[in-house]
Amino acid sequence: MSDTPHSVSGCDESGDRFRNLFANLPGAALEVVWRHGEYHIVDVNEAFESVFGYDGERVLDSPLAEWLRSENTQDFDSNRARVRDGEVVTETVERETADGPRTFQASGIPLFDGDRALIVYLDVTEDERRERYQRVLTRVLRHTLRNEMNAISARAETIAARTDDDTIAEAATTIHETALDVARLDEKARVAESELSATPESETVDAARLLREVCHEMGRTHGLAVQNGLPETLPVESDGKLQRVFSDVLESAAERDADCVEVTHDRLQGEHVAVRIHDDGETLPAQVKQVLSDETELSQLTHSDGLGLWIAKWIAEGRGGTLYFENQRVCIELRPALTDRESPS
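Parameters at a glance
Residues numbered from 1 in each chain as written. Predicted model: local features only at pLDDT ≥ 70, side-chain atom pairs only at ≥ 80, totals over all residues. Heavy atoms only, no water. Salt bridge = Lys/Arg side-chain N within 4 Å of Asp/Glu carboxyl O. Helix = DSSP H or I, 4+ residues; strand = E, 2+ residues; numbered from the N terminus. Buried < 20%, exposed > 50% of the residue type's maximum accessible area, 1.4 Å probe, protein only. 1 Å grid on protein atoms, 1.4 Å probe; cavity = no way out; pocket = protein on both sides within 12 Å on 5 of 7 lines; lining within 4 Å. Points joined across faces, edges and corners; volume = space filled by probe spheres on them. Nonpolar A, V, L, I, M, F, W, Y, C, P; charged D, E, K, R; others polar. Core = buried A, V, L, I, M, F, W, Y, C linked by side-chain atoms within 4.5 Å. Contact = heavy atoms within 4.5 Å. Pairing = 2+ DSSP bridges. Axes fitted to C-alpha atoms, helices over the stretch in contact; angles between N-to-C directions. Phe/Tyr/Trp six-rings, centres within 6.5 Å; stacked < 30°, edge-to-face > 60°. Expected span 1.5 Å × (residues − 1). Arc of directions from axis to C-beta.

A. Layout of the pattern of salt bridges. All told, the structure shown has 16 salt bridges when counted by the stated rule. Two residues, Glu126 and Arg102, come together in a salt bridge whose shortest N-O distance is 4.0 Å. Highlighted residues: Glu126 in helix α6 (residues 125–162) and Arg102 in strand β4 (residues 100–111), separated in sequence by 24 residues. On the basis of relative accessible area, Arg102 is assigned to the partly exposed category, the value being 25%. For Arg220, the salt bridge goes to Glu217, with nearest N and O atoms at 2.5 Å. Here Glu217 and Arg220 lie together in helix α8 (residues 207–222), a separation of three residues that amounts to about one turn. Assessed through its relative accessible area of 57%, Arg220 is described here as exposed. On the basis of relative accessible area, Glu217 is assigned to the partly exposed category, the value being 34%. Among the ionic contacts, a cluster of salt bridges with common partners joins Asp266, Arg276, Glu326 and Arg329.

Written as structure tokens, this is what we have:
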């Protein structure tokens, strides 16, 4: 083992930089060369021994697969072929070490010619384990919280219906409504978690049709009247999640006791169209407005209404748009579909 990759010789400045980089990489680094139909290890850095537990001198000139085995041989062969074709490949993989299997973020980088490559392994086993633990813990806590809140809500509703004391009835009603709001907050947190981990895939969707469907549903479930000023069709670059944006905004209006919502739109300068939604409900709390304008941390939200609007804003921004407040109206900016954009003058 040395701190000088075999693929770099001489004392030129670029060679010195490469040698220093190889020796000081934070993860286990291997230089490999293609021989007899597979990669062989020709050099490793010092971190290799501490990460994998193998003697650096022993692994030299050995096939890569002999030391860094993977149960998923198809995945191993696929990544090896991609690096051979000149592609930089980064994947989360499991590899055998002297102490058993570990999880790594592995990067394969072609070097100089098609026969040599640099492979760097960063151990992310503990990060993966903590993430799995947190997912399970969060799932259990949410399940318990949702069940307990539903039970509290039901009992409070029973108390309010059976008592003749107005003070007790009012307190029970408050408990009932608060428990329901906490349960709704849990559901919206689950949606937010799902959206944060999703990768948006843009396509052309009809914003007008999606809004009409949401308006029909909100009228049926909440009795909300909507004056829809959108055209018959409004093609935009987004995906089906845009329906969730409209739904969250109109649901926010309904939860603030709105009876009527007015929807207008206009084309802005540049490459966006604005859909503006005004309702006659109670004014949004200042805290919610501050969170949506990034003036306050999301953790300060205590009401499901604010989280629903934050989800809507996140979805819109993830698809090239945005959501903000303008003169007591919620404004959703969307990118028109390519075929519907105005030609530059």
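B. Highlighting empty space enclosed by the protein. Scanning all chains against the criterion turns up two cavities of 30 Å³ or more. Counted as a void, the largest cavity has a volume near 210 Å³. Along the wall of the largest cavity there are 16 residues; nearest its centre are Asn79, Arg80, Val83, Arg95 and Ile119. Among the secondary structure elements, those contributing two or more residues to the lining of the largest cavity are α5 (73–84), β3 (89–97), β4 and β5 (116–123). When grouped by side-chain class, the residues that make up the lining of the largest cavity number ten nonpolar, three polar and three charged. Along the walls of the second largest cavity sit Glu237, Ser238, Leu242, Val245, Ile315, Ala316, Arg319, Gly321, Leu334 and Arg335, which together make up its complete lining. Among the elements of the structure, β8 (235–238), α9 (242–255), α11 (304–318) and β12 (329–336) are those that each provide at least two residues to the lining of the second largest cavity.

C. Examining the nonpolar core more closely. Formed by 41 residues in total, the largest nonpolar core has its most connected members in Leu242, Phe246, Leu250 and Ile332. When residues of this core are traced back to their parent elements, those giving at least two are α7 (166–197), α8, α9, β9 (260–267), β10 (273–279), α10 (286–292), α11 and β12. Setting aside chain neighbours within four positions, we find Phe246 in contact with Ala207, Leu210, Leu211, Val214, Val275 and Ile332. Within the second largest apolar cluster, 22 residues are counted, among which are Tyr54, Leu60, Val83 and Val93.

D. Summary view of the sheet that holds strand β1 (residues 28–35). The strand order across the open sheet built from five strands is β2-β1-β5-β4-β3, with neighbouring strands paired in antiparallel fashion. Looking at the sheet topology across the chains shown, the edges are occupied by β2 (38–44) and β3. Each adjacent strand pair in this sheet contributes to an overall mean axis angle of 35°, direction not counted. Two elements, β1 and β5, share six bridges in a ladder whose sense is antiparallel. Paired with Glu31 across the strands is Leu118, a residue of β5.

E. Seen up close, the side chain of His176. Examined against the element boundaries, His176 turns out to sit in helix α7. Judged by its relative accessible area of 17%, His176 falls in the buried class. When near neighbours in sequence (up to four residues on either side) are disregarded, His176 contacts Ser153, Ala156 and Glu157.

F. Structural view of the packing of aromatic side chains. If you walk through the whole model with that rule in mind, you get nine aromatic pairs. Every member of this aromatic cluster is reached through a ring pair, and the members are Phe48, Phe52, Tyr54, Trp67, Phe104 and Tyr121.

G. Up close: α8. For α8, spanning 16 residues, the distance from its first C-alpha to its last is 21 Å, which sits close to the expected 22 Å at 1.5 Å a residue. Those residues of α8 that sit buried are Ala207, Ala208, Leu210, Leu211, Val214, Cys215 and Met218. Down the axis, α8 shows its buried residues gathered within 155° of arc, on one side only. Exposed side chains of α8 directed beyond 90 degrees from the buried face belong to His216 and Arg220. Looking at the buried positions of α8, the neighbouring elements they touch are β6 (203–206), β7 (225–228), β8, α9, β9 and β12. Where α8 terminates, the next one or two residues include Gly223, which has phi positive at roughly 65°.

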